[in-house]
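Structure at a glance
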Amino acid sequence: MNEVKIYQKRSKLTVRLILALYTTIMFIVLTYVGMFLLNIPIVTAGIVGIIISFGYTVSVVSYLYKPRAVITIDKEGIIDNSTWPRIGRIAWEDIDSFYKAKVLKKTSIYVKLKDNQKLLSSFPKWKELFIKWNTPRGIDPVAISVNITDRRIDEVIEILDAHLKLAKRK
């Protein structure tokens, strides 16, 4: 099978850009109010908020200019860039199956790995801890979000399953 790349949808990125710009403006207003009131904690919170929201705005603009592949499926495995922190490449031989689940009101594709600890130990310590802390009990740590794409979740699972079956035959 050929390589499949699923990209971010620009219309959904536009909504994120509007929200990012709105948030940046709100932090600018907060900073201005803090300066008017001579309140250092408000000014500090506003400046930190401006920096973070402006950085996010710049990244959304760059993705609008050149959309990134949320997930890449090839003969070696999958590359997951859908969530933060990015998981990266997962080889077919490490994957057991894919399934759809709704966790915290968000439906995602979960990757059932043969050995979760093998994947987690390959990450830097901060990323490993972040993933462990943000993974609810009983749920696999690798979640692929396709909400920002134009593909249906069932369609993506079908593509993943077809590639996994082909890889297992080889």
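Refer to the structure presented above.
**A look at the packing of helix α1 (residues 10-37) against helix α2 (residues 40-65)**
- Closest axis-to-axis distance for the α1/α2 pair is 8 Å, and the angle between their directions is 160 degrees. The orientation of α1 with respect to α2, classified from their angle, is roughly antiparallel. In this structure, the crossing between α1 and α2 has a hand that is left-handed.
- Residues belonging to the contact of α1 with α2 are distributed by class as follows: 20 nonpolar, nine polar and two charged.

**Here's the deal with the nonpolar core**
- One finds I78, I95, F98 and I109 to be the most contacted residues of the largest nonpolar core, which totals 26 residues.
- Every element with two or more residues in this core is listed here: β1 (4-7), β2 (69-73), β5 (95-103), β6 (106-113), α3 (116-121), β7 (142-144) and α5 (153-169).
- For this core, the leading source of residues is α5, giving six residues.
- Contact partners of I78, with chain neighbours within four places excluded, come to T72, I73, G88, R89, I90, W92, I95, F98, V111, I144 and L160.
- Among the nonpolar cores identified, the runner-up in size contains six residues, and L13, L17, L64 and I148 belong to it.

**Side note on the packing of aromatic side chains**
- Summed over the entire model, instances satisfying the criterion amount to two aromatic pairs.
- Summarising the aromatic geometry, the rings of W92 and F98 are spaced 6.4 Å apart at their centres and angled 85 degrees between planes, so their arrangement reads as edge-to-face.
- Overall, the relative accessible area of 5% leaves W92 in the buried class.
- Aromatic pair Y99 and Y110: ring centres 5.7 Å apart, planes at 20 degrees, arrangement stacked. A residue pair is termed long-range when its members are at least 10 positions apart, and Y99 in strand β5 and Y110 in strand β6 qualify at 11 residues.
- A residue is classified by how much of its surface remains accessible, and Y99, at 26% relative accessible area, is partly exposed.
- Just above the ring of Y63 sits the side chain of R68; from NZ or CZ to the centre is 4.8 Å.

What counts and what doesn't
Residues numbered from 1 in each chain as written. Predicted model: local features only at pLDDT ≥ 70, side-chain atom pairs only at ≥ 80, totals over all residues. Heavy atoms only, no water. Axes fitted to C-alpha atoms, helices over the stretch in contact; angles between N-to-C directions. Helix = DSSP H or I, 4+ residues; strand = E, 2+ residues; numbered from the N terminus. Parallel < 35°, antiparallel > 145°, perpendicular 65-115°, else oblique. Left-handed = near helix turned anticlockwise from the far one by under 90°. Nonpolar A, V, L, I, M, F, W, Y, C, P; charged D, E, K, R; others polar. Core = buried A, V, L, I, M, F, W, Y, C linked by side-chain atoms within 4.5 Å. Buried < 20%, exposed > 50% of the residue type's maximum accessible area, 1.4 Å probe, protein only. Contact = heavy atoms within 4.5 Å. Phe/Tyr/Trp six-rings, centres within 6.5 Å; stacked < 30°, edge-to-face > 60°. Lys NZ or Arg CZ within 6 Å of the ring centre and 35° of its normal.

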